[in-house]
Each structure stands twice: as C-alpha cells, then as structure tokens.
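Close look at the chain arrangement
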Amino acid sequence: MKVFLKFKKLLLLPVSLKKSYIAHLWLLAKGALIYRFIFSHYGKGSIVYKPLFISYEAVKLGENVSIGEHARIEAIDSWLERKYTPSILIESGVRIEQRCHITAAGQLVIGKNSLISFDVMIQDTDHEYQNIELPVSQQPLIVNKTIIGESCFIGSGAKISAGTTLGKHCVVGANAVVRGDFPDYCVIVGIPAKIVKRYNLATQAWQKTNSLGDFV
C-alpha cells in the first residue's frame, strides 16, 4: 500500500519535481539498505546527500535527519600520538544544509529539530599555539564539549567554536563567530557573537538586551 501511494504521488507531481522526488526515494532506500549498517546509529527516515567525508563509525543520527550535499563530518580519534574517543550525535529532526563542516574529538551534540544553514562550521577542537617554534598545525588539540540545543537556528556561514553551549531555541545570525555559553531563547549575532535579544518569559515577548543578555 505504501509503495502504491508513493507511486501515485510521483505521477501527480509536476515534471520539475519528479526527479527530486525519485532522488528522495532512492536516498531513503540507500539509508535503509546501506547507511544503517555503517553509521554508529542511523535513524528511520534519515537522508544523507553526497557527503565529502563522514566518519560513519562515530556518528549517530536520530530519525528524519537530513544532511545536505558536500558535508564533511569528521571524528578525530588520534592526533600527535594522543588517542581520543569522539562522538557526534545529531538528534531527530535536524536539518543540515549543504557544505557543513563538523569536527569532533570529544562530544558534539546537535539537538533535535535544529536547522543548520549552508556553509556552517561546528567543532569541539582548537589547536594549541603557545609554542612559537612549532607551526600551529603541529601542536596539540584542545578539546571542549560543544552542544547545540534543540530547535536552534544557525544562520549561513556561522562558526560554532569549541566549548560552546547553545540553549533551546537559540537563533545565530549569519556569519557569526560563536564561543561560550548561551541561555535558552536568545538571538546571537556578530564577531565575536553576542546576545542582542532574549525571550522574556514574564512578558511573553522577545526583548532587546545588552551584550551580557540583560534586558534593556
């Protein structure tokens, strides 16, 4: 019955959408037949479009996750002879648009129903740079847990740096460079990113704040 309904839907679609719908069905099948056996966990209904690279063994996808084309999702299990135990959890309902770059050597979580726009970078690692006799790329990693809360919106080109925690329903502006802890229901913009609005539970409205998140 389900196959018949999908075929009926295909027939009713305009020509311009038939190709994309067929591709969608193929990617669902690919997930069920291939990806669910190579990801650490692959939730029902999830779709991955033509990635550049994914460390499948360290990535867990919830249900109905969508990952756009040319994503690079990389787990670092060793660096300069030090071993790491990376874990990348992308919870149910997350949508990641094209060319997203995610890197983790520790724990990195993207909460359910969050939207990650195109060209976003999210990481839980920094390079040490203190030793001026060594190139930065040859120095140890600094690893700090990075968490994006549920129902967040990350604007295009934003950079979520190591050690950042975003609360529930945070909005990050395009091209923002984010580092630090941010509470639920806030709007974060700029370089370096600062809070400019928060949802006031008392008034049930979004209100402007100073850079510390205090209402003004």
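Preceding block: the structure.
Summarised in this report is the structure supplied together with it. Owing to the predicted nature of the structure, the values given are computational and were not obtained by experimental measurement.

On a plain count of helices and strands, the chain comes out with two helices and 26 strands. Projecting the C-alpha coordinates of the chain onto the three principal axes gives extents of approximately 60 × 55 × 25 Å. Out of the 216 residues in the chain, the part that is buried amounts to 38%. Considering only contacts within the chain whose residues lie at least 6 apart along the sequence, 25% involve residues at least 24 apart. Element-wise, carbon and sulfur atoms account for 58% of the exposed surface of the chain, whose accessible area totals about 12300 Å². Separation between the mean location of the 25 positive side-chain charges and that of the 17 negative ones in the chain comes to 13 Å.

As a further point, take unusual backbone geometry. With an omega of -10 degrees, the peptide bond between Ile191 and Pro192 qualifies as cis. For Asn64, which is not glycine, the phi dihedral falls at a positive 55 degrees. Looking at where Asn64 falls in the secondary structure, it is placed in the loop between β4 (59–61) and β5 (66–67). In this structure, Asp119 is a non-glycine residue whose phi angle is positive, near 65 degrees.

Taking strand neighbours across the sheet as the criterion, the nine strands line up as β2-β5-β10-β13-β18-β21-β24-β25-β26 in an open arrangement whose pairing is mixed. Edge positions in the sheet fall to β2 (47–48) and β26 (205–208), since each of these pairs with one other strand and no more. Across two bridges, β2 lies against β5 in parallel orientation. Note that in β5 the partner of Val48 across the bridge is Ile67.

Bridge count between strand β9 (residues 87–90) and strand β12 (residues 107–110): four bridges; the pairing is parallel. Bridge pairing links Ser87 to Gln107 in β12. Bridge analysis of β12 against strand β17 (residues 146–148) gives three bridges, and the strand direction is parallel. The residue bridging Ile110 from the neighbouring strand is Ile148, located in β17.

Cut-off values and rules
Residues numbered from 1 in each chain as written. Predicted model: local features only at pLDDT ≥ 70, side-chain atom pairs only at ≥ 80, totals over all residues. Heavy atoms only, no water. Helix = DSSP H or I, 4+ residues; strand = E, 2+ residues; numbered from the N terminus. Buried < 20%, exposed > 50% of the residue type's maximum accessible area, 1.4 Å probe, protein only. Contact = heavy atoms within 4.5 Å. Areas by Shrake-Rupley, 256 points an atom, 1.4 Å probe, with all protein chains shown as cover. Lys, Arg positive; Asp, Glu negative; His and termini not counted. Charge placed at Lys NZ, Arg CZ, Asp CG, Glu CD. Pairing = 2+ DSSP bridges.

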